[in-house]
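Inside the fold
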Amino acid sequence: MNPLLFLLTATIVFGLLGAAIHYSLSWGRQAQNDRVDLFYVPILGLACIILIVTGLGVFKIQTDSASLLISTGGVFLGPLIFLLHKIRKHPLHLTDLKKEHYLMGILLLVISIAKLIEIRAILVPNWVDGLVHVTILQKLVQKGFIPIERIYHTGFHAAAIFIHFIFGISLSNTILWFGQWVALLTGLSFYAFLRRNRVHFLLAFLGAILYCMVFLFPSYLIAWGRYPFLLGLALVFPSINTTLDWVKNKHHYFEALILLCALALVHYGALLIWFSYLVSYFLSTKRRKMESGHSSARLVRFVSLFLLPLAFLLPKGLNFISQKSLQVMLAGKLGNPDFGGDIWIAVSLIQKHDLLFLAITFSIILSALLLKWKPTVRFAAWPIVLFSLIWAQYATIGFSITSYINALIFLSGPVVILCMLALQYIFVQASKIYGASKPYARQVFIPMVLAGISVIGIFSSWNLITPGTTLFTFEDSMAMKWIQSHTSQDATFFIQSFIWGDELMPSDGGGWIPVLTGRNVIYPTTVGEFQDMAEYSIGHNVNYVYFGRESDPDFKLRLEDINTPYQVVFQTKNIMILKLNIP
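Turning our attention to the overall build of the protein. Scanning the protein for helices and strands turns up 24 helices and 7 strands. Once local pairs closer than 6 in sequence are excluded, the contacts in the protein between residues at least 24 apart make up 79%. For the protein, the accessible surface area stands at approximately 26900 Å², while carbon and sulfur atoms represent 64% of it.

Set out below in structure tokens:
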């Protein structure tokens, strides 16, 4: 299976599963937003799969192709039969399709092309995070089920296990291709969110392209390999839509519950983004509506969403908080917000990539705010509420369930939303002044702008993944083939490492040796652990040393550090493998 076929197949498969759940749950009533909801049904299907796979882990049921097919069939068989019956009873004809339906196909195609361009020269998931996720997935497959002792990122790995077994692709391609599909889902979910906030479908198309293709974030999460947060950002927008449907109209309770549970399992930080929007929404609601007697009922419906996930998450959450608080207090960091160096890296990246466009965007936003267009207030308050919640956590318990850098990455969402709302306001005001005497402006000019932005988005994706975050190259793949054919299964490789967070991690393609070849690797776990190469090699049964293309390592191994006889057995421009001749 090639990546393009995977992107399209995954969208269709999960879209059918999500549509079956959506229409079976809304049976007997006409959904007001059916055309818009089509854009997030693949995400709803994915959320259901996350809960199914996690549920197998709760009962310690062996997770393989057979159990996944049986459990998925058991959950979706009824809804799928209902969906097929509905399609048979009301067949869809081409004349029934609206412009927005055709736009969905165009949006899928444009984003798919951009996401495939991003990984055109990438053989495995990028950076250290990509290696970590593949390693975790390998361990989970070997274990046979997903343990629920630690729920952080469980949802992402549950979905990846399903992809691996059902689509039959390798572990490294599972994370890489699944990550690109998740990036595609962010565009669909963002489009649906804009449409539900009364943005014209052409401007919503423009906003989706800007958000997931032109702006640096969230696309740059792919370069960092931070796929769980990317999936969280894809889930957060439909979670907000369905939550408000339940709170305001008493619709979509089970859909909101499914999406919220999946969101909690995927990424805590995205859950906080969801909560911060609802806070800003209620704060921006007119006082007259709040005092009308409906506010208490809406609050009860809002709290009811928490009951089931809270029963599962609260004990683990309290244990997590107590452990983290103890670590923070022992480190003497209580009350010190995490403004670490990473946030300045993100700021510099945004300045280089998006500064001019951000300047234009903020000028439009400022104009809309000065004109006191009220829908902008809620979205302008959203990031303020989020940053305030993060600050409050640092001030009270010494840490936060999400970081300032995650909030900074998320900022592109509200920025694009405000920009599209401001543009719509300007167009509405212009139409009142000039009227609709020149329809060609709408029929020709706007499609040309959309096409131009799409091309810009595709070319923005061209150099998204830089050498600085790429550990594994084509030369590394050649080295892996050599290792498989010229070394024994019990061979051990000494590889280079660097400080990553609070621990040492592989700093070059050598980290992929266990995943791709099954051989062992060893590297120092502390900076001062390695002193004498001969002594270290004897103590750890080292046979080979792997020199890859380094990515700014803190621990640098040099040839002169190897004080034992060796011979070069493999070498390219940037890769070298030494065989140690230990007496």
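That covers the picture; the talk isn't over yet.
Right, let's get into the packing of aromatic side chains. All told, the structure shown has 33 aromatic pairs when counted by the stated rule. Between Phe 217 and Tyr 220, the aromatic rings sit 6.0 Å apart at their centres with planes inclined by 85°, giving edge-to-face as the arrangement. Residue Phe 217 is classed as buried on the basis of its relative accessible area of 3%. Members of the aromatic cluster, joined through ring pairs, are Phe 190, Phe 193, Tyr 211, Phe 237, Tyr 277, Tyr 281, Phe 282, Phe 379, Trp 382 and Phe 410. Of note, Arg 120 hangs over the ring of Trp 462, and the distance from its end group to the ring centre comes to 4.1 Å.

Moving on, we get to the pattern of salt bridges. When their charged atoms lie close together, side chains carrying opposite charge are able to pair. Evaluated as defined, the whole model comprises 2 salt bridges. Between Glu 118 and Lys 115 there is a salt bridge, with the nearest N and O atoms lying 3.0 Å from each other. Note that Glu 118 and Lys 115 are positioned in helix 5 (residues 99–118) at a spacing of 3 residues, about one turn of the helix. Judged by its relative accessible area of 3%, Glu 118 is buried. Among the ionic pairs, Arg 196 bridges to Asp 245, the shortest N-O distance being 2.4 Å. Linking Arg 196 in helix 8 (residues 171–196) with Asp 245 in helix 11 (residues 227–249), this pair joins segments that are 49 residues apart in sequence.

Looking now at helix 11. Along an α-helix, residues three or four apart share an orientation, since each turn contains 3.6 residues. An ideal rise of 1.5 Å per residue puts 33 Å on 23 residues; helix 11 measures up with 33 Å between its terminal C-alpha atoms. A bend of about 25° at Leu 235 is the largest found in helix 11, and the proline Pro 238 appears one to four places after it. Most of helix 11 is tucked away, with 21 of its 23 residues classed as buried. Residue Lys 250 follows helix 11 closely and has a positive phi angle near 60°.

Residues Phe 178, Trp 382, Met 420 and Tyr 546 are the most contacted members of the largest nonpolar core, which totals 168 residues. It is helix 8 that contributes the most residues to this core, 16 residues altogether. With 11 residues, the next largest nonpolar core counts Phe 494, Val 545, Phe 547 and Leu 557 among its residues.

Turning our eyes to something else, we now look at the pairing of strand 3 (residues 503–506). Where strand 2 (residues 497–500) lies against strand 3, 4 bridges are found, and the strand directions are antiparallel. Bridge pairing links Ile 499 to Leu 504 in strand 3. Between strand 2 and strand 3, which pair antiparallel one after the other, the connecting turn spans 2 residues, and Gly 501 there sits at a positive phi close to 70°.

With that settled, consider the environment of Ser 239. Inspection of the secondary structure puts Ser 239 in helix 11. Put simply, Ser 239 and Ile 43 are 196 residues apart on the chain and 9.9 Å apart in space, counted from C-alpha to C-alpha. When near neighbours in sequence (up to four residues on either side) are disregarded, Ser 239 contacts Leu 259, Leu 260, Leu 263 and Trp 274.

With that settled, consider the sheet that holds strand 4 (residues 520–522). Taking strand neighbours across the sheet as the criterion, the 5 strands line up as 4-1-5-7-6 in an open arrangement whose pairing is mixed. Each edge of the open sheet carries a strand with a single partner, namely strand 4 and strand 6 (566–571). Sheet twist, expressed as the average angle between the axes of neighbouring strands with direction ignored, equals 30°. Alignment of strand 5 (residues 544–547) against strand 7 (residues 576–580), held across 4 bridges, turns out to be antiparallel. Bridged to Val 545 within strand 7 is Leu 578. The sheet strands contacting helix 22 (residues 474–486) are strand 1 (492–495), strand 5, strand 6 and strand 7, and the helix crosses strand 5 at an angle near 165°. Of the strands in this sheet, strand 1, strand 4, strand 5 and strand 7 touch helix 24 (residues 533–540), which is tilted by about 140° from strand 1.

Below, the discussion takes up the environment of Ser 497. Structurally, the position occupied by Ser 497 is in strand 2. The spatial distance from the C-alpha of Ser 497 to the C-alpha of Gly 511 is 8.7 Å, given a sequence separation of 14 residues.

Let us now look at the packing of helix 3 (residues 41–58) against helix 7 (residues 154–167). Viewed as axis vectors pointing N to C, helix 3 and helix 7 meet at an angle of 95°, and their least axial separation amounts to 8 Å. For the element pair helix 3 / helix 7, the angle class is roughly perpendicular. Residues Leu 46, Ile 49, Ile 50, Val 53 and Thr 54 of helix 3 lie in contact with helix 7, whose contacting residues are Thr 154, Gly 155, Ala 158, Ala 159 and Phe 162. For the contact of helix 3 with helix 7, the class distribution of residues is 7 nonpolar, 3 polar and no charged.

Where helix 11 contacts helix 13 (residues 268–284), the axes come no closer than 8 Å and their chain directions differ by 35°. Where helix 11 crosses over helix 13, the two elements pack in a sense that is right-handed. Residue-level inspection shows Phe 229, Gly 232, Leu 233, Val 236, Ser 239, Ile 240, Thr 243, Leu 244, Val 247 and Lys 248 of helix 11 in contact with helix 13, the latter providing Ala 270, Ile 273, Trp 274, Tyr 277, Leu 278, Tyr 281 and Phe 282.

Within the secondary structure layout, Asn 241 lies in helix 11. For the pair formed by Asn 241 and Asn 197, sequence separation is 44 residues and the distance between their alpha carbons is 9.3 Å. If we skip the residues at most four places from it in the chain, Asn 241 touches Ala 192, Phe 193 and Arg 196.

For the rest of this paragraph, the subject is a nonpolar patch on the surface. Residues Val 58, Phe 59 and Ile 61 make up a contiguous nonpolar surface patch of about 290 Å² in total accessible area. Relative to the assigned elements, Ile 61 resides in the loop between helix 3 and helix 4 (65–89).

What follows covers unusual backbone geometry. The peptide bond linking Phe 217 to Pro 218 adopts the cis configuration, its omega dihedral lying at 10°. Examined against the element boundaries, Pro 218 turns out to sit in the loop between helix 9 (201–214) and helix 10 (220–224). A positive phi angle is found at Lys 60, which is not glycine, with a value near 55°. Summarising the element assignment, Lys 60 is placed in the loop between helix 3 and helix 4.

Within helix 24 the residues assigned to the buried category are Met 533, Ala 534, Tyr 536 and Ser 537. All buried residues of helix 24 project into a common sector of 165° when viewed along the axis, lining one side. Within helix 24, the exposed residues directed more than 90 degrees away from the buried face are Glu 535, Ile 538 and Gly 539. Contact partners of the buried residues in helix 24: strand 1, strand 4, strand 5 and strand 7. Looking one or two places after helix 24, you find Asn 541, whose phi comes out positive at around 55°.

What counts, and where the lines are drawn
- Residues numbered from 1 in each chain as written.
- Predicted model: local features only at pLDDT ≥ 70, side-chain atom pairs only at ≥ 80, totals over all residues.
- Heavy atoms only, no water.
- Helix = DSSP H or I, 4+ residues; strand = E, 2+ residues; numbered from the N terminus.
- Contact = heavy atoms within 4.5 Å.
- Areas by Shrake-Rupley, 256 points an atom, 1.4 Å probe, with all protein chains shown as cover.
- Phe/Tyr/Trp six-rings, centres within 6.5 Å; stacked < 30°, edge-to-face > 60°.
- Buried < 20%, exposed > 50% of the residue type's maximum accessible area, 1.4 Å probe, protein only.
- Lys NZ or Arg CZ within 6 Å of the ring centre and 35° of its normal.
- Salt bridge = Lys/Arg side-chain N within 4 Å of Asp/Glu carboxyl O.
- Expected span 1.5 Å × (residues − 1).
- Bend = angle between axes of the 7 residues up to and from the residue.
- Core = buried A, V, L, I, M, F, W, Y, C linked by side-chain atoms within 4.5 Å.
- Pairing = 2+ DSSP bridges.
- Axes fitted to C-alpha atoms, helices over the stretch in contact; angles between N-to-C directions.
- Parallel < 35°, antiparallel > 145°, perpendicular 65-115°, else oblique.
- Nonpolar A, V, L, I, M, F, W, Y, C, P; charged D, E, K, R; others polar.
- Left-handed = near helix turned anticlockwise from the far one by under 90°.
- Patch = residues over 30% accessible without salt bridge, like charges linked within 9 Å, V, L, I, M, F, W, Y side chains within 5 Å.
- Arc of directions from axis to C-beta.

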